[in-house]
Amino acid sequence: MTATAPLAHPDAPRAATEFFARTGGDPLTDAFPPKRAAHPATGARPVPPEAVEALWHEIHARPRSDASVAYLHVPFCETHCLFCGFYQNPWREEAGAPYVDALLMQLERGAETPAQQGQPLRAVYLGGGTPTALATADLVRLIEGVRRHLPLAPDCEITLEGRILSFGLDKARAAFDAGVNRVSLGVQSFDQRLRRRLGRRAGRAEAARFLEGLAALDRGAIVIDLMFGLPDQTPESFAADVELAAGLGLDGIDLYALNLIPGTPLLVAQEKGKLTPAPREQLGQFYRAGAEAMDRTGWRWLSCSHWRQGTRERNIYNFEAKSGAHCLAFGAGAGGNLGGTGFRILPRLADYLDRAGSGGCLTTGMMQAGPLAPALSALRAGMERGRLDPLPVSQALGTDFAAVAAPLLDQWCEAGLMRPNHRFMDLTLAGRFWQVTLTGHLIQWLIQEVPRLRAAPG
Ligand code: SF4
């Protein structure tokens, strides 16, 4: 038998010092232990399984108001990208049409519900997986179905996500004609060797040429993702990638760190000693190199991980989803949120195909938001934008957020992660790099401190 140290009670209050950043070094690299994928606490509670079906019908019968978006999931991938933990099903051409049929049935049945008929949607995101793998005719049917069955605001952002492989300018033109006004592509890297290792079949020149052609269509915002911390990448090679991307006429670029997700081919390859991602401690240097390259080329940051050039890119879906907007969800594995109830549509393809048009419950598990959810959404929204506004957080909390969070905010200012700017708290470059960590810490602190304050006498 092995003796173990007693575990701290999960609800035991943590001292403010446990959330403090290290001082004295470079805050970008030293403020906290190396970055890992993190899902900060939210205070949400699982709905008992026996209550799920009734709650599904209840939330769909409630008229929807306030900011809203929709997410449609296409759960097929042409290859399993090395770094990805979201791979669901291999793409097979014959699977596309029946899947779109099922999505259209779900959209059509849902159109009878008050939840779907409510407030016009600010954004729709066709994500995956790889929606661009769908045949042109299916893609067009799907987009037309979205426009027919969902109440879209006149300026609704409609994003089509995908990959360069098997997209092509003709399919892109058809998607724009059908109503898409934003295309988001996971490029990850322009480095030829890296692209091959990541499972990206289009080479560097081919990828760059295609993106230039897509932007030259001048039909909507073109946005790409670039990843840092990949095997054999250096901050300098990443900056070169960013500069290349910055010159292609695109509208948005997302820079994000590689997360080593359990079960991904990349982590397996690393464990076998076949691939070595950049050391976690170096990720801050990559971020700085990327941010400086964006700055040099005249791009402006829109959020901590997203930059834009020109006037087209709005990034509405991402902002709204992170700000707690209602999210209607369609497709196997799609995540949704209605009035603070989170759910995931049946992820098994066969189950979804079977039940999409039934009008019945399409989930097996739900989470109910905690009482602080509106305040946490306001907090997340500000942190994501790199400028925390205490006012909406205080209004949602019913108490002075700046006073509750002062021990953390003051120390983070001292550590070079934040600085006061009028009533706001701005994140510095280092603060933007550590944004997810800082947000997670603030959320934990509020979940712990606000109930204590409310319970305190007087
Ligand atoms: S990155 Fe996208 S295309 Fe690649 S495996 Fe993941 S979900 Fe599929």
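Nothing here was measured: the structure is a model prediction, and the numbers come from that model. (Residues numbered from 1 in each chain as written. Predicted model: local features only at pLDDT ≥ 70, side-chain atom pairs only at ≥ 80, totals over all residues. Heavy atoms only, no water.)

### Quick word on the overall build of the protein
Now for step 1: When its secondary structure is counted, the protein shows 18 helices and 18 strands.
Now for step 2: Expected size for 458 residues packed as a compact globule is a radius of gyration near 23 Å; at 22 Å, the protein falls within 12% of this value.
Now for step 3: Burial analysis of the protein (458 residues in total) assigns 53% to the buried set.
Now for step 4: Restricting the contact set of the protein to residue pairs at least 6 apart, pairs at least 24 apart contribute 74%.
Now for step 5: Entry remark: accessible area of the protein is about 20400 Å², with carbon and sulfur atoms responsible for 53%.
Now for step 6: A gap of 2 Å separates the mean positions of the 47 positive and 47 negative side-chain charges of the protein. (Helix = DSSP H or I, 4+ residues; strand = E, 2+ residues; numbered from the N terminus. Rg over C-alpha atoms; globule rule 2.2 N^0.38 Å. Buried < 20%, exposed > 50% of the residue type's maximum accessible area, 1.4 Å probe, protein only. Contact = heavy atoms within 4.5 Å. Areas by Shrake-Rupley, 256 points an atom, 1.4 Å probe, with all protein chains shown as cover. Lys, Arg positive; Asp, Glu negative; His and termini not counted. Charge placed at Lys NZ, Arg CZ, Asp CG, Glu CD.)

### A few points about the packing of aromatic side chains
Now for step 1: Counted by the stated rule, this structure contains 17 aromatic pairs.
Now for step 2: Ring centres of Phe228 and Tyr287 lie 6.3 Å apart, and the angle between their planes is 55 degrees; this geometry places the pair in the tilted category. Of this pair, Phe228 sits in strand S8 (residues 221-228) while Tyr287 sits in helix H11 (residues 283-296), placing them 59 residues apart in sequence. There is no split in this pair, since Phe228 and Tyr287 are both buried.
Now for step 3: A centroid spacing of 4.9 Å and a plane angle of 75 degrees characterise the contact between Phe433 and Trp434, whose relative ring orientation is edge-to-face. Taken as a pair, Phe433 and Trp434 share a single burial class, namely buried.
Now for step 4: Members of the aromatic cluster, connected to one another through ring pairs, are Phe32, Phe228, Phe238, Phe286, Tyr287, Trp307, Phe433 and Trp434.
Now for step 5: One cation-aromatic arrangement involves Arg385 over Phe319; the distance from NZ or CZ to the ring centre is 4.1 Å.
Now for step 6: Here Arg432 stacks its cationic end above the ring of Trp301, 3.7 Å away from the centre of that ring. (Phe/Tyr/Trp six-rings, centres within 6.5 Å; stacked < 30°, edge-to-face > 60°. Lys NZ or Arg CZ within 6 Å of the ring centre and 35° of its normal.)

### With respect to the environment of Leu230
Now for step 1: As for its placement among the helices and strands, Leu230 is situated in the loop between S8 and helix H9 (235-246).
Now for step 2: When its relative accessible area of 0% is taken as the criterion, Leu230 is described as buried.
Now for step 3: Sequence-distant contacts of Leu230, defined by excluding residues within four places in its chain, comprise Gln188, Ser189, Leu194, Leu198, Leu258, Pro277 and Ala278.

### Quick look at the side chain of Asp138
Now for step 1: For Asp138, the location among the structural elements is in helix H5 (residues 136-149).
Now for step 2: In this structure Asp138 comes out as buried when scored by relative accessible area, which is 11%.
Now for step 3: Within the structure, Asp138 has its side chain in polar contact with the backbone nitrogen of Ala97 (distance 3.5 Å).
Now for step 4: Once you skip the residues sitting within four places of it in the chain, Asp138 turns out to touch Gly96, Ala97 and Val100. (Polar contact = N/O pair within 3.5 Å; in protein donor to acceptor, adjacent residues only side chain to side chain.)

### Quick word on helix H16 (residues 401-414)
Now for step 1: Its 14 residues place the ends of H16 19 Å apart at the C-alpha level, agreeing with the 20 Å of an ideal helix rising 1.5 Å per residue.
Now for step 2: Roughly 60 degrees is the biggest bend found in H16, and it falls at Pro407.
Now for step 3: Along H16, the residues that are buried comprise Phe401, Val404, Ala405, Leu408, Leu409, Gln411 and Trp412.
Now for step 4: In this structure, the buried residues of H16 make contact with helix H14 (373-385), strand S16 (387-388), helix H15 (390-397), strand S17 (418-421), strand S18 (424-427) and helix H18 (435-455).
Now for step 5: Remark: Gly416 follows H16 within two positions and exhibits a positive phi of approximately 85 degrees. (Expected span 1.5 Å × (residues − 1). Bend = angle between axes of the 7 residues up to and from the residue.)

### Quick look at the sheet that holds S16
Now for step 1: If you trace the 3 strands from one edge of the open sheet to the other, you get S16-S18-S17, paired in antiparallel fashion. Because the sheet does not close on itself, it has two edges, and the strands there are S16 and S17.
Now for step 2: Direction of pairing for S16 relative to S18: antiparallel, over a ladder of 2 bridges. Residue pairing in the sheet places Leu388 in a bridge with Met425 of S18. (Pairing = 2+ DSSP bridges.)

### What to know about the pattern of salt bridges
Now for step 1: Under the definition given, this model contains 21 salt bridges.
Now for step 2: The closest approach of N and O atoms between Glu112 and Arg109, which form a salt bridge, is 3.8 Å.
Now for step 3: Among the residues examined, Glu112 registers a relative accessible area of 54% and is labelled exposed.
Now for step 4: Arg109 gets classed as partly exposed once you look at its relative accessible area, which sits at 36%.
Now for step 5: In this structure, Arg182 and Glu157 form a salt bridge, with 3.8 Å as the shortest nitrogen-oxygen distance. Here Arg182 is found in strand S7 (residues 182-188), whereas its partner Glu157 is found in strand S6 (residues 152-162), with 25 residues between them in sequence. (Salt bridge = Lys/Arg side-chain N within 4 Å of Asp/Glu carboxyl O.)

### Observations regarding the site of the ligand
Now for step 1: Near the ligand, the surroundings consist of Cys77, Thr79, Cys81, Phe83, Cys84, Tyr87, Gly129, Thr130, Arg163 and Arg200.
Now for step 2: Among the residues making up the shell around the ligand, the classes are represented as 5 nonpolar, 3 polar and 2 charged. (Near = heavy atom within 4 Å. Nonpolar A, V, L, I, M, F, W, Y, C, P; charged D, E, K, R; others polar.)

### Looking at the confidence of the model for the protein
Now for step 1: With 96% of its residues at a pLDDT of at least 70, the protein reaches an overall mean of 92.
Now for step 2: In this model, residues 1-10 is a region of pLDDT below 50 whose contacts with residues beyond four sequence positions or in other chains number 0 contacts. (pLDDT = per-residue confidence, 0-100.)

### Structural notes on unusual backbone geometry
Now for step 1: Note the cis peptide between Gly128 and Gly129, where omega equals 20 degrees.
Now for step 2: Position of Gly129 relative to the elements: it lies in the loop between strand S5 (121-128) and H5.
Now for step 3: If you check the backbone angles, Ser166 has positive phi at about 60 degrees while not being a glycine.
Now for step 4: Position of Ser166 among the secondary structure elements: in the loop between S6 and helix H6 (169-178).
Now for step 5: Assessed through its relative accessible area of 37%, Ser166 is described here as partly exposed.

### Structural notes on the pairing of S17
Now for step 1: Bridge count between S17 and S18: 4 bridges; the pairing is antiparallel. Looking at the pairing, Asn421 lines up with Phe424 of S18.
Now for step 2: Where S17 folds back on S18, the antiparallel hairpin that results is connected by 2 residues, among which His422 adopts a positive phi of roughly 55 degrees.

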